[in-house]
Amino acid sequence: MFKSPRLAAVLFCVIFTLSLSAQVPADWTTPFPSFRIAGNLFYVGSGDLASYLVVTPKGDILINSNLVSSPPLIRKSIEALGFHFSDIKILLISHAHYDHCAGSAEIVRETHAKYEVMAPDVFVVESGGRTDFQYARHKTMWFPPVHVDRVLHDGDKVSLGGTTLTAHLTAGHTKGTTTWTLDEQEFGSSGMEGAEGTRTLHVVIVGSPNVNPGYKLVHNKTYPQIASDYRHEFEVLKNLPCDAFLGAHGMYFGLKEKYARFKAGDRNAFIDPAGYRAYVADREQAFQAEFQRQLGK
Ligand SMILES: [Zn+2]
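Quick look at the structure, then. (Residues numbered from 1 in each chain as written. Predicted model: local features only at pLDDT ≥ 70, side-chain atom pairs only at ≥ 80, totals over all residues. Heavy atoms only, no water.)

### Focus on the overall build of the chain
Looking only at helices and strands, one finds nine helices and twelve strands in the chain. Of all intrachain contacts in the chain linking residues separated by at least 6 positions in sequence, the fraction that spans at least 24 positions is 64%. For the chain, the exposed surface amounts to about 13,800 Å²; the carbon and sulfur share of it is 58%. (Helix = DSSP H or I, 4+ residues; strand = E, 2+ residues; numbered from the N terminus. Contact = heavy atoms within 4.5 Å. Areas by Shrake-Rupley, 256 points an atom, 1.4 Å probe, with all protein chains shown as cover.)

### A closer look at the packing of aromatic side chains
Counted according to the given criterion, the structure contains 22 aromatic pairs. Taking the centre distance of 6.3 Å and the plane angle of 50 degrees together, the rings of Tyr-135 and Tyr-215 count as tilted. Here Tyr-135 is found in the loop between helix 5 (119-126) and strand 7 (150-152), whereas its partner Tyr-215 is found in the loop between strand 11 (200-206) and helix 6 (226-239), with 80 residues between them in sequence. For Tyr-135, a relative accessible area of 10% puts it in the buried group. With a relative accessible area of 2%, Tyr-215 lands in the buried category. A ring pair is formed by Phe-287 and Phe-291, whose centres lie 6.0 Å apart and whose planes are at 20 degrees; its orientation type is stacked. (Phe/Tyr/Trp six-rings, centres within 6.5 Å; stacked < 30°, edge-to-face > 60°. Buried < 20%, exposed > 50% of the residue type's maximum accessible area, 1.4 Å probe, protein only.)

### Comments concerning the coordination of the zinc ion
Coordination of the zinc ion by the protein involves His-95 (NE2), His-97 (ND1) and His-173 (NE2), with metal-donor separations of 2.1 to 2.2 Å. Expressed as a motif, the donor residue spacing for the zinc ion is H-x1-H-x75-H. For the pair His-95 and His-97, a shared accessibility class is recorded, and that class is buried. (Donors = N, O, S within 2.8 Å, 3.2 Å for Na, K, Ca; no water.)

### Observations concerning the side chain of Asn-212
Along the chain, the position of Asn-212 falls in the loop between strand 11 and helix 6. Asn-212 sits in the buried class, given a relative accessible area of 19%. At a separation of 2.8 Å, a polar atom in the side chain of Asn-212 contacts the side chain of Tyr-135. Setting aside residues up to four positions removed in sequence, Asn-212 forms contacts with His-97, Tyr-135 and His-173. (Polar contact = N/O pair within 3.5 Å; in protein donor to acceptor, adjacent residues only side chain to side chain.)

### Thoughts on the sheet that holds strand 3 (residues 52-56)
The strand order across the open sheet built from seven strands is 1-2-3-4-5-6-7, with neighbouring strands paired in mixed fashion. The open sheet has two free edges, formed respectively by strand 1 (35-38) and strand 7, since each of these has just one partner strand. Within the sheet, the average angular offset between the axes of one strand and its neighbour, ignoring direction, is 25 degrees. Summarising the sheet, strand 2 (residues 41-43) and strand 3 pair through three bridges and their orientation is antiparallel. Directly across from Phe-42, in strand 3, lies its bridge partner Leu-53. Strands in contact with helix 4 (residues 104-111) are strand 4 (59-63), strand 5 (88-92) and strand 6 (114-118); relative to strand 5, the strand with the most contacts, it is inclined by about 160 degrees. (Pairing = 2+ DSSP bridges. Axes fitted to C-alpha atoms, helices over the stretch in contact; angles between N-to-C directions.)

### Examining the pairing of strand 1
Relative to strand 2, strand 1 runs antiparallel, the two sharing three bridges. Residue pairing in the sheet places Arg-36 in a bridge with Phe-42 of strand 2. Here strand 1 folds back onto strand 2, and the loop between the two strands holds two residues, one of which, Gly-39, carries a positive phi near 45 degrees.

### Thoughts on the packing of helix 2 (residues 71-80) against helix 4
As a packed pair, helix 2 and helix 4 sit with axes 9 Å apart at the nearest point and diverge in direction by 55 degrees. In this view, helix 2 runs oblique relative to helix 4, as classed from their interaxial angle. Contact residues: helix 2 offers Pro-71, Pro-72, Ile-74 and Arg-75, while helix 4 offers Glu-106, Ile-107 and Glu-110. (Parallel < 35°, antiparallel > 145°, perpendicular 65-115°, else oblique.)

### Section: the nonpolar core
Inside soluble globular proteins, nonpolar side chains tend to come together where they are buried. Counting residues in each nonpolar core, the largest one holds 86 residues, and the members touching the most others are Phe-35, Tyr-52, Tyr-115, Trp-180, Leu-246, Phe-270 and Tyr-276. Per-element accounting of this core gives the leading share, six residues, to helix 6. Every residue in contact with Trp-180, bar those within four places of it in the chain, is listed here: Ile-63, Leu-92, Ile-93, Leu-152, Val-158, Leu-165, Thr-166, Ala-167, Val-203, Val-204 and Ile-205. (Core = buried A, V, L, I, M, F, W, Y, C linked by side-chain atoms within 4.5 Å.)

### Regarding helix 4
Within the span of helix 4, buried status applies to Ser-104, Ala-105, Ile-107, Val-108 and Thr-111. Elements that come into contact with the buried residues of helix 4 comprise strand 4, helix 2, strand 5, helix 3 (98-101) and strand 6. Directly beyond the C-terminal end of helix 4, a positive phi value near 60 degrees is found at His-112.

### Things to note about the packing of helix 6 against helix 9 (residues 273-295)
Their axes nearest at 10 Å, the elements helix 6 and helix 9 cross at an angle of 165 degrees. As judged from the angle between their axes, helix 6 and helix 9 are roughly antiparallel. Remark: the crossing between helix 6 and helix 9 carries left-handed chirality. Contacts between helix 6 and helix 9 involve Ala-227, Tyr-230, Arg-231, Phe-234, Glu-235, Leu-237 and Lys-238 from the former and Tyr-276, Arg-277, Val-280, Arg-283, Glu-284, Phe-287 and Phe-291 from the latter. (Left-handed = near helix turned anticlockwise from the far one by under 90°.)

Structure (structure tokens):
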């Protein structure tokens, strides 16, 4: 078809790259209404890429910067709630993949937020994805490198203005995948904060328990301990107390369906301990099935 093999190769690369970058699901960039989940915790993400804002008197914490194109969307979501983008003092992520951390460079540049990342993901974040165990050669999954201000370890606390989040190392999906937990005060039946009948809510923001297509769980040269890390992750997730079930993607916890109920007046729509247990069990089963398949059993 092409007389010049080089031209053919260049065209193939261009088309291949375009088709790859066009693969971003529409939901990742579709705006979603921002809203208060509980207490000082707000949803400020898109239709599927979840971002969370923790608002405190000393400034705010943002979890997940999402795609390179996401910061203006996150800013709009924050401003729609009456808060200020510039109040972000600490930036956290669920894990070092471009759909959760590619916007970090812009957010850090604009807000001077401190970027705090789990130790095994730091190298990946600071190399812009070029050292990822799976995607190092996938240029479409690279992102602007960002300096990490604080290296986190399993169990570390991130505190600001009276709110404390705990970082749980739940690796496998990436070497530093982080599940965040915090406590919030539940809304009373009147929908008023501090109303009678409030209790402490354990919030879990799942980092990712998913085995991506192409992940080698057996004899993985760039991530030898991947299978044992996943097993450890499931043990951690099963043992976390959970009332409000959230995660890095809205898909994990049924964002749209729960938000519809929330809008219809169900203030407790995101309280779903049974859904959390079922999700973790389902993902563990999926991991086990894939592990057995790769073992050839
Ligand atoms: Zn991921």
